[in-house]
Amino acid sequence: MTNVGLLGDVSVGKTSILRLFVRYLNKGDIENVEGGRKCTVVKTDFSGEATIPGGDKENKLNEKETKTIHPNRLVFREDDTNKAHTIFAPGGDRKRAVVKMGIITISRIATQVIAVFSCDRELDEQFEFFNDVRFFPDKIYVAINKIDLLEGDRDGKLDEMQEKINKFFEKRKIGINEYFYTCGETIDNFEEVEKFNNHVAEMILKITTTH
Ligand SMILES: Nc1nc2c(ncn2[C@@H]2O[C@H](COP(=O)(O)OP(=O)(O)OP(=O)(O)O)[C@@H](O)[C@H]2O)c(=O)[nH]1
Ligand SMILES: [Mg+2]
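Let me begin by describing the structure that accompanies this report. As the structure is a prediction and not an experimental result, all values here were calculated from the model. (Residues numbered from 1 in each chain as written. Chains lettered and ligands numbered in written order. Predicted model: local features only at pLDDT ≥ 70, side-chain atom pairs only at ≥ 80, totals over all residues.)

**A look at the packing of helix α1 (residues 14-27) against helix α5 (residues 193-209)**
For step 1, the next point in the chain: One way to put it is that α1 packs onto α5 with a least axis distance of 9 Å and a crossing angle of 85°. Between α1 and α5, the interaxial angle falls into the category roughly perpendicular. Contacts between α1 and α5 involve Ile17, Leu20, Phe21 and Tyr24 from the former and Asn197, Val200, Ala201 and Ile204 from the latter.
For step 2, the next point in the chain: Class assignment for the residues of the contact of α1 with α5 results in 7 nonpolar, 1 polar and no charged. (Axes fitted to C-alpha atoms, helices over the stretch in contact; angles between N-to-C directions. Helix = DSSP H or I, 4+ residues; strand = E, 2+ residues; numbered from the N terminus. Parallel < 35°, antiparallel > 145°, perpendicular 65-115°, else oblique. Contact = placed C-beta atoms within 7 Å. Nonpolar A, V, L, I, M, F, W, Y, C, P; charged D, E, K, R; others polar.)

**Some details on the environment of Asn82**
For step 1, the next point in the chain: On the secondary structure map, Asn82 appears in the loop between β5 (72-78) and β6 (84-89).
For step 2, the next point in the chain: Of the residues examined, Asn82 has 8 C-beta atoms within 10 Å and is grouped as exposed.
For step 3, the next point in the chain: Through-space distance from the C-alpha of Asn82 to that of Ile187 is 33 Å; in sequence the pair is 105 residues apart. (Buried ≥ 20, exposed ≤ 12 C-beta atoms within 10 Å, placed from the backbone.)

**Examining the sheet that holds β5**
For step 1, the next point in the chain: The sheet built from 7 strands is open, its strands ordered β2-β5-β6-β1-β7-β8-β9 with mixed pairing. The open sheet is flanked by β2 (39-45) and β9 (175-181), the only strands paired with a single partner. Neighbouring strand axes in the sheet, compared pairwise and without regard to direction, differ in orientation by 20° on average.
For step 2, the next point in the chain: Across 4 bridges, the pairing between strand β1 (residues 3-7) and strand β7 (residues 112-118) is parallel. Within β7, the position partnered with Leu6 by the bridge is Ile114. (Pairing = 2+ DSSP bridges.)

As structure tokens, then:
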């Protein structure tokens, strides 16, 4: 049984990643990805998701329709071993006390952490989120999400991002097990969408089944 926490700054795509994974489980696509196997949804809870009337102007996230107040949660079971795993995705808006409480709670419960970063914003801004998280395992996983928004020399930019992320966590004596490049949405005009959607499913399966 593994408890995984998806942690990261506001709007990096934590809830999208969790919802996408639920779709892979429900549709059975989970069997067809790398390392795939039959799994079943035991329970989902997305009730902590609040709609933002007219977009979130306060946070300049006008396109965003919902934000996470209370942590989202998925419990699923591996069919062959009968092992159950829980994935938590708290909100990222740590300036709201109730959201911050969720982040701290999940960071204590989680035995595995996926730090989620987005390609559409400066990393320095996104690092600030992690300064508030007090409980961390010695080694974590990193998802670089919204890969579809990375234009130009993708490999070069990803190397640069990884180097910065390594440095940031090294200072806090936190190691990185592995990086995953992900797309948490079904983006119509992104040619490689299936490959990077699959990475979401492969990431969560790998982390839950190797611990
Ligand atoms: N282009 C692109 N957009 C994405 C991707 N993943 C998520 N999004 C979009 O990013 C926005 C924020 O996604 P959420 O999943 O709500 O982000 P979050 O990290 O859960 O946000 P909070 O819980 O409020 O901190 C939404 O508009 C998503 O559709 C991606 O891989 N590519
Ligand atoms: Mg969310």
